[in-house]
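# A closer look at the structure
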Amino acid sequence: MEKIKLNNGILMPCIGLGVYRMDNTETSENIIKYALSNGYRHIDTASYYDNEEIVGKAIKESEVKREDIFLTTKVWNEDQRQSRVLKAFETSLKKLDTEYLDLYLIHWPVADKIEQTWEILSKLYEQGKIKAIGVSNFKQHHIERLQKCSPIVPVVNQIELHPYFNQRELVNYCLEHHIQPVAWSPLGASKTNLLEEAILKNLAKKYNKCPAQIVLRWNFQNHVVSIPKSSNKERLKQNISIFDFELTKDEMLQIDSLNSNKRLGADPDTFDF
Ligand code: A2P
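For every chain, the first residue of its written sequence is number 1, and the numbers climb from 1 along that sequence. With pLDDT at 70 or above as the cut-off, local features in this predicted model cover only qualifying residues; side-chain atom pairs require 80 or more to be listed or tallied, and sums for whole chains, interfaces and linings still use all residues. Calculation of side-chain values draws on the structure's entire complement of heavy atoms; hydrogens and water are dropped beforehand.

Before going further, it helps to examine the overall build of the protein chain. Secondary structure counts use DSSP, requiring at least four H or I residues in a row for a helix and at least two E residues in a row for a strand, with both numbered from the N terminus. The secondary structure content of the protein chain amounts to 10 helices and 10 strands. Residues are treated as being in contact if the distance between any of their heavy atoms lies within 4.5 Å. Taking all contacts inside the protein chain whose residues are at least 6 apart in sequence as the whole, residues at least 24 apart take part in 75%. Using the Shrake-Rupley algorithm and a 1.4 Å probe, accessible areas are obtained, with residue cover drawn only from the displayed protein chains. For the protein chain, the accessible area works out to roughly 12600 Å², and carbon and sulfur atoms hold 47% of it.

Right under this line is the structure:
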């Protein structure tokens with residue numbers, strides 16, 4: 001598994017298992033264990049997903065050591081209150097049954113809470129309770145507000161990103177500022193027919209891969225980390241087998257041409273908090 005160095009020196013595996021929409025059941029727990037025993041070393045959850053317990057259980061019961069796993073969770077919008085962030089953090093630790101987090105993110109930019117929440121996360125980071133802190137669903141103007149309240153630069157910005165919505169400007173801004181872009185819904189698969197696109201199918205045929213692997217490789221070559229969700233053993237294995245081929249410049253551009261600048265998820269500026 002390839003890893004990328006974040007701006008504070010810690011290493012993040014370039015493919016993670018996103019567990020949004022995995023329910024808090026033994027079936028999901030078994031899928032996460034299966035992922036760990038087949039090479040996954042990066043799991044992305046959130047308190048909002050309501051599955052931190054099974055993530056914690058799967059990690060505990062897997063043969064992989066905790067320190068070899070990169071574990072991310074996020075502080076939910078309603079917990080972005082002075083009196084609630086610390087409690088939310090402690091609750092996540094408890095549910096995940098872990099002493100520390102590798103990465104804690106602000107899940108969405110709650111317009112009037114950004115600075116306050118970032119200051120609290122910065123303190124937790126300085127106290128060593130989290131190895132890194134970052135943000136999710138932030139646009140450039142949200143990120144700029146962080147610079148005014150804390151010297152700590154977020155290590156990542158986790159955003160909706162797939163070939164139909166490639167967010168090139170925001171990705172470039174993040175890379176220029178040493179903020180690692182992480183793509184949620186990288187396959188756009190649950191809401192579109194992206195993986196049926198002829199461009200992707202033709203490239204898949206050429207490289208003896210599947211369309212999802214072509215998309216994940218495109219992200220990797222664009223210096224973007226992906227966290228695809230799958231509850232299927234075969235697809236889980238496919239999604240981390242992307243490090244043995246390389247798309248040409250022209251093929252990267254072909255995939256870029258699928259961009260339609262349309263979000264599948266909420267717009268961070270108008271999301272109803
Ligand atoms: P499943 O869990 O049945 O594999 P995203 O994270 O981009 O939103 O994508 C998640 C969706 O993509 C899920 O519906 C998942 O279904 C599907 N998916 C995950 N990996 C693959 C793959 N390699 N090929 C096709 N579909 C996939």
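Turning next to the packing of helix α2 (residues 52-61) against helix α3 (residues 85-96). Note on method: axes are straight lines fitted to C-alpha atoms, helices fitted across the in-contact stretch only, with angles between N-to-C directions ranging 0 to 180 degrees. Look at α2 against α3: their axes get within 7 Å of each other, and the N-to-C directions meet at 45 degrees. One element, α2, and the other, α3, form an angle in the oblique class. Between α2 and α3, the contacting residues are Glu 52, Glu 53, Val 55 and Gly 56 on the first element and Ser 92, Lys 95 and Leu 96 on the second. Of the residues belonging to the contact of α2 with α3, the class tally is 2 nonpolar, 2 polar and 3 charged. Comment on the angle field: the value is read as roughly parallel under 35 degrees, roughly antiparallel over 145, roughly perpendicular from 65 to 115, and oblique elsewhere. When residue character is reported, Ala, Val, Leu, Ile, Met, Phe, Trp, Tyr, Cys and Pro are called nonpolar, Asp, Glu, Lys and Arg charged, and the others, Gly included, polar.

Let's shift gears to helix α6 (residues 168-176). Using a 1.4 Å probe on the protein chains alone, a residue whose accessible area is under 20% of its type maximum counts as buried, one over 50% counts as exposed, and one in between counts as partly exposed. Residues of α6 that are buried: Leu 170, Val 171, Tyr 173 and Cys 174. End-on, the buried residues of α6 take up no more than an arc of 160 degrees, which puts them together on one face. Opposite its buried face, α6 presents the exposed residues Glu 169 and Glu 176, each directed more than 90 degrees away. Turning to α6, the residues buried within the fold contact α5 (140-147), β8 (156-160) and β9 (180-184). Trailing α6 by a residue or two, His 178 shows a phi angle of about 60 degrees, which is positive. The directions considered for the arc are those from the helix axis to the C-beta atoms.

Taken together, 16 residues are adjacent to the ligand, and Ser 185, Lys 229, Ser 230, Ser 231 and Arg 235 come closest. Two N or O atoms form a polar contact when they lie within 3.5 Å of each other; inside protein one atom must be a possible hydrogen donor and the other a possible acceptor, and for residues adjacent in sequence the pair counts only when both atoms belong to side chains. A distance of 2.6 Å separates an oxygen atom of the ligand from a polar atom in the side chain of Arg 235. Between a nitrogen atom of the ligand and a side-chain N or O atom of Asn 239, the distance comes to 2.8 Å. Taking 560 Å² as the accessible area of the ligand by itself, protein coverage stands at 80%. Per-element accounting of the shell around the ligand gives the leading share, 3 residues, to helix α9 (residues 233-240). Partitioning the shell around the ligand into residue classes produces 6 nonpolar, 8 polar and 2 charged. We call a residue near a molecule or strand whenever a single non-hydrogen atom of that residue lies within 4 Å of it.

For Gln 80, the position within the fold is in the loop between β5 (70-75) and α3. In this structure, the C-alpha to C-alpha distance between Gln 80 and Arg 263, residues 183 residues apart in sequence, is 25 Å. Once residues lying within four places of it in the same chain are set aside, the contact partners of Gln 80 are Val 75, Val 85, Ile 106, His 107, Trp 108, Val 110, Lys 113, Gln 116 and Thr 117.

A few words now on the packing of aromatic side chains. Pairing of aromatic rings covers Phe, Tyr and Trp, the last counted by its six-membered ring, and requires centre-to-centre distances within 6.5 Å; plane angles under 30 degrees mean stacked, over 60 mean edge-to-face, and any other angle means tilted. Tallying each qualifying case throughout the model produces 6 aromatic pairs. The interplanar angle of 35 degrees and the centroid separation of 4.8 Å between the aromatic rings of Tyr 20 and Tyr 49 together place this pair among those described as tilted. Residue Tyr 20 is located in the loop between β3 (17-18) and α1 (26-37), and its partner Tyr 49 is located in the loop between β4 (42-44) and α2; the two are separated by 29 residues in the primary sequence. A relative accessible area of 37% places Tyr 20 in the partly exposed class. Taking the centre distance of 3.9 Å and the plane angle of 20 degrees together, the rings of Tyr 48 and Trp 76 count as stacked. One end of the pair, Tyr 48, is in the loop between β4 and α2; the other, Trp 76, is in the loop between β5 and α3, with 28 residues separating them in the sequence. Either the NZ atom of lysine or the CZ atom of arginine qualifies as a charge over a ring when it sits within 6 Å of the ring centre and within 35 degrees of the ring normal. Cation over ring: Arg 66 sits above Tyr 100, and NZ or CZ is 4.0 Å from the ring centre. Lying across the ring of Phe 245, Arg 217 places its NZ or CZ 5.6 Å from the centre.

This next bit is on empty space enclosed by the protein. Cavities and pockets are defined on a 1 Å grid built over the protein atoms alone: a cavity is a set of grid points where a 1.4 Å probe fits but cannot escape, while a pocket is an open set with protein on both sides within 12 Å along at least five of seven lines, and lining residues are those with an atom within 4 Å of any such point. Grid points are joined across faces, edges and corners, and a volume is the space filled by probe spheres set on the points. Inspection of every chain in the model, using the stated rule, returns 1 cavity of 30 Å³ or more. Empty space within the largest cavity amounts to approximately 40 Å³. Lining the largest cavity are Asn 137, Phe 138, Lys 139, Ile 159, Glu 160, Gln 167, Leu 170, Arg 263 and Pro 268. For the lining of the largest cavity, a count of residues per class yields 4 nonpolar, 2 polar and 3 charged.

Our next topic: unusual backbone geometry. Its identity as a non-glycine residue notwithstanding, Asn 208 has a phi of 55 degrees, on the positive side. As for its position among the elements, Asn 208 is in the loop between α7 (198-207) and α8 (211-221). Given a relative accessible area of 72%, Asn 208 falls into the exposed group. A positive phi angle, close to 65 degrees, is found at His 223, a residue other than glycine. The residue His 223 is located in the loop between α8 and β10 (225-226) in this model. A relative accessible area of 48% places His 223 in the partly exposed class.

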